[in-house]
Every structure is written in structure tokens, then in C-alpha cells.
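Commentary on secondary and tertiary structure
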Amino acid sequence: MLMAHKIRLDPNNVQVTHLARAAGVARFAYNWALNEWGCLYQAYLVDPALPKPTEAALGRKLNAIKRIEFPWMLEVTKCAPQMAILQLGRAFSNFFAHRARYPKFRCKGRDDRFTLSNDQFQVKDKRIRVPKLGWVRMCERLRFTGRIVSACIRRVADHWYASITVDVPERAHRPPSENQGAVGVDLGVSRLATLSTGETFTGPKALRHSLQRLRRLSKALSRKVKGSRNRVKAKRKLGRHHARIAAIRHDGLHRVTTNITRRFHTIGVEDLNVKGMVKNGRLSRAIVDMGFAELRRQLEYKAEWCGGQVVVIDRWYPSSKTCSCCGTRIDTLYLAQRQWCCAACGTTHDRDINAAINLRDMAVSSTVSACGGEGTGLVSEHKVKPALVKQESIGKASFR
Ligand SMILES: [Zn+2]
């Protein structure tokens, strides 16, 4: 099982310059190859006798010309351009498989990263050895033991991080879940998650609490003269603040998902239409701030680690409007209505807890029916993704 540990680096000034240069080389190689790819493909369209572009051919071409045309590339590790072209190849195969859009050019300041293959770096205690640079201090030790696969070194705001991917033996790293059975998780805006047991997780609402400062810093940046030193400083401050908001949000989500997956085996969640919900102008910011998609992603991979399963319930299943006691379904329930009384059996329901109980029951019935061979049609047992699908997803999260 592949797991990634994202560790903050503690480089000195010389090392920071070198890391930035390596990231620049990776970006240049990526953009060069993307441009070449387009040109070669145009040529192929005109004359089908010419070869179609491939990542291997582009890698060879760059290797052949870099000594003469881009000698500055040799100052940093050869992994930087090589792995960037490899990643472009992956981006194209995702594009051809309709999993992603056409690859975009990388942008300075946003995509400052480069990847090292496992034969090109070493990790020892709290240090990582980057070729042509030497040992760089890390803020903590690598948490996992196993075969090291690769490392991606990237800049977030003005800090550098190494996210090191390790092939960990199955389930060797954490105890199985306590197995308190099944649970339903209802996601909401005012309360991040409500469990069918009645517990609630508020979530940190990172953006809401930092919005004022975010506004002030953004305004300060927009007032600075373009190209001035003060603008650079203001930009750095704003970047740090954005990174802080993201960190608070991630921390909150990790706490919730670790708690749930450690305790429960079967987890029922709703398949939320986040894209559609965000179109609601009043709630969009609150919804985005919660990070529902990330929450589900974490639940899925953490459940797999603990030997549990996540059951995704169809988004059209009326979990809020169905009475969890007698199964009666009411016609209308406004978003503001936090409690309601069932006309058939007289039970008063808390909106979120009732929904969570319904999700739990659906999850249980789907796992039973999966064994019996008869599905309800509303439940799709979600195949849990492997913990790492692509490089992007590991860069964002540090797993715990
Ligand atoms: Zn009822």
C-alpha cells in the first residue's frame, strides 16, 4: 500500500535558491515538452507518416539537446526534467482516457515542484539528500517504514515540503477499527458531520474565521505598485494566510475522519452534489469551506486502511425526509427546518440525526443485500480507491 508523508523542510538560504532553481527546471521541461507535443501532433495530422508524440521520445530529445541549448539544466538533479516529462505523459494518458482536461502549462509561483525517483535520494533521521545539493534538514522523521518510492519537493507559500511516498506492507501501520458496527454520516453546513449515534462534529470553518484578515491582506496587495518590493512582501503574507487556512481545514477534516474510521466498520455517506450546491450563492462559501469532497476521500482511504468500508448512498435518496422510525416519507422539508414531527408515528426528529440514521440503515441493508445478491438500486457500493491515485492528491494531504 502506498502512503505519503508530507514533511516540512528546513533549508538554508543557499538551499532555498537551489530548490527554487530545480523547480524552475522541472517547470521549464514540462512546458517545453507540452509545447513540443502540440507541435509534433500538428505535424502528424498533416503528414501521418510522421511519428505521434510520446513522452519517451520527448525525454530522449530533451536529453540530446539540453547540454547545448539548456546548459543551466545540468546544475540541478537530472530527475527534475525527467520526472516532469514523465508526469506530462501521465497527464496526457489521463486526458486520452477522458479523466482529465488537456494539460496546461505550469506557472511560476503556483507549480513550484520537482520529483525525485527513489534511486536519486536518501532519507536518514531528520535529513533528506537531494542530488547536486546535499543534505537538507527536515522538521520531522519519516513516519512510515517500507520501500521508499519517490519524493515530491514543493513550495507552499514560502515553505518547502517534501512529500515522501512509501510502499508500506498492508495494514502493518495501524490497528484495525474498533468495530462498533455501522454508522451513518450526514454532512451539513452548520455542523460538518452528524453521526447516527447523535454525535456532532462542528468542523473548524477555517475560512469564515479568517475572512476578515484575508480581505485586509488582499486589499493591501492590490494597493501595492506592481513590481515593487512591498508588493512581493504583501503577496508573501497573503500566500501564508491562504496556506494557514488550508492547514486548519485539513487538520479538522483529518480529526473527524480518523475518529470515524477508527471506530466504525461500515460507514454510510451521501453522494453529495457539491458542484450543484456551490451554485447556491448564499451557501457556496460555507460549502467550499467545509471540504466535503476531501472528507469523503479521506473516509474512503482511511476505511480501507482499517479494513472497513464506505457505502455511498445515491444522492436522490430522501434521507432527510424519511422517518427513521416508521419509514414514512414527507413531501417538503425546508432547509431552515431543523426539527420535524412524523405525522404517522408521532416521533420528533432532529433533521441531521434522522438523516444519519437513514444513511446507516441504507448502508447496512446494502451490505446485506450485496451478500444476498439483491440490490436496492439506490445504493452503489463504492469501490474504495487506492490510497494514492496520482501525485497531485498526495501533495495536498499529509496523512495521519
Ligand atoms: Zn414515523
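Each remark here, short or long, concerns the structure printed above.
Residues numbered from 1 in each chain as written. Predicted model: local features only at pLDDT ≥ 70, side-chain atom pairs only at ≥ 80, totals over all residues. Heavy atoms only, no water.

Some details on a positive patch on the surface
- A cluster of basic side chains, namely Arg213, Arg216, Arg229, Lys233, Lys237 and Arg244, defines a positive patch on the protein surface.
- Where the positive patch is concerned, the elements lending two or more residues are helix H4 (206-223) and helix H5 (229-263).
- Of the residues forming the positive patch, the biggest block, four residues, is contributed by H5.
- Here arginine 213 is to be found in helix H4.
- Classification of arginine 213 as partly exposed rests on a relative accessible area of 38%. (Patch = residues over 30% accessible without salt bridge, like charges linked within 9 Å, V, L, I, M, F, W, Y side chains within 5 Å. Areas by Shrake-Rupley, 256 points an atom, 1.4 Å probe, with all protein chains shown as cover. Salt bridge = Lys/Arg side-chain N within 4 Å of Asp/Glu carboxyl O. Lys, Arg positive; Asp, Glu negative; His and termini not counted. Charge placed at Lys NZ, Arg CZ, Asp CG, Glu CD. Helix = DSSP H or I, 4+ residues; strand = E, 2+ residues; numbered from the N terminus. Buried < 20%, exposed > 50% of the residue type's maximum accessible area, 1.4 Å probe, protein only.)

A few points about the sheet that holds strand E7 (residues 159-167)
- The four strands are arranged E1-E7-E6-E2 in an open sheet whose pairing can be described as antiparallel. Across the chains shown, the open sheet's two edge strands, defined by having one partner strand only, are strand E1 (2-8) and strand E2 (113-117). Pairwise comparison of adjacent strand axes, ignoring direction, gives a mean angle of 20° for this sheet.
- Here strand E6 (residues 147-156) pairs with E7 via nine bridges, running antiparallel. (Pairing = 2+ DSSP bridges. Axes fitted to C-alpha atoms, helices over the stretch in contact; angles between N-to-C directions.)

Description of a nonpolar patch on the surface
- Taken together, the side chains of Tyr41, Leu45 and Val46 make up a nonpolar region of the molecular surface, amounting to roughly 320 Å² of accessible area.
- Tracing the sequence through the fold places valine 46 in helix H1 (residues 13-46).

Section: the packing of aromatic side chains
- Scanning the entire structure with this criterion turns up 10 aromatic pairs.
- Geometrically, the ring pair formed by tryptophan 37 and phenylalanine 92 is stacked, given 3.8 Å between the ring centres and 5° between the ring planes. Taken together, the residues span a long stretch of sequence, with tryptophan 37 in helix H1 and phenylalanine 92 in helix H3 (residues 79-96) at a distance of 55 residues.
- Between tyrosine 41 and tyrosine 44, the ring centres sit 5.8 Å apart and the planes meet at 35°, which makes this aromatic pair tilted. Of the two residues, tyrosine 41 and tyrosine 44 are both situated in helix H1; the distance of three residues between them amounts to about one turn of the helix.
- For tyrosine 41, a relative accessible area of 34% translates into the label partly exposed.
- Chaining the aromatic ring pairs together yields one cluster made of Trp37, Phe92, Phe95, Phe96 and Tyr102.
- Here the guanidinium or amino end of lysine 6 rests over the ring plane of tyrosine 161, the centre of that ring lying 4.9 Å away.
- The ring of tryptophan 135 is capped by arginine 127, whose NZ or CZ atom sits 4.3 Å from the centre of that ring. (Phe/Tyr/Trp six-rings, centres within 6.5 Å; stacked < 30°, edge-to-face > 60°. Lys NZ or Arg CZ within 6 Å of the ring centre and 35° of its normal.)

All quantities given are derived from atomic positions and should not be read as evidence of function.
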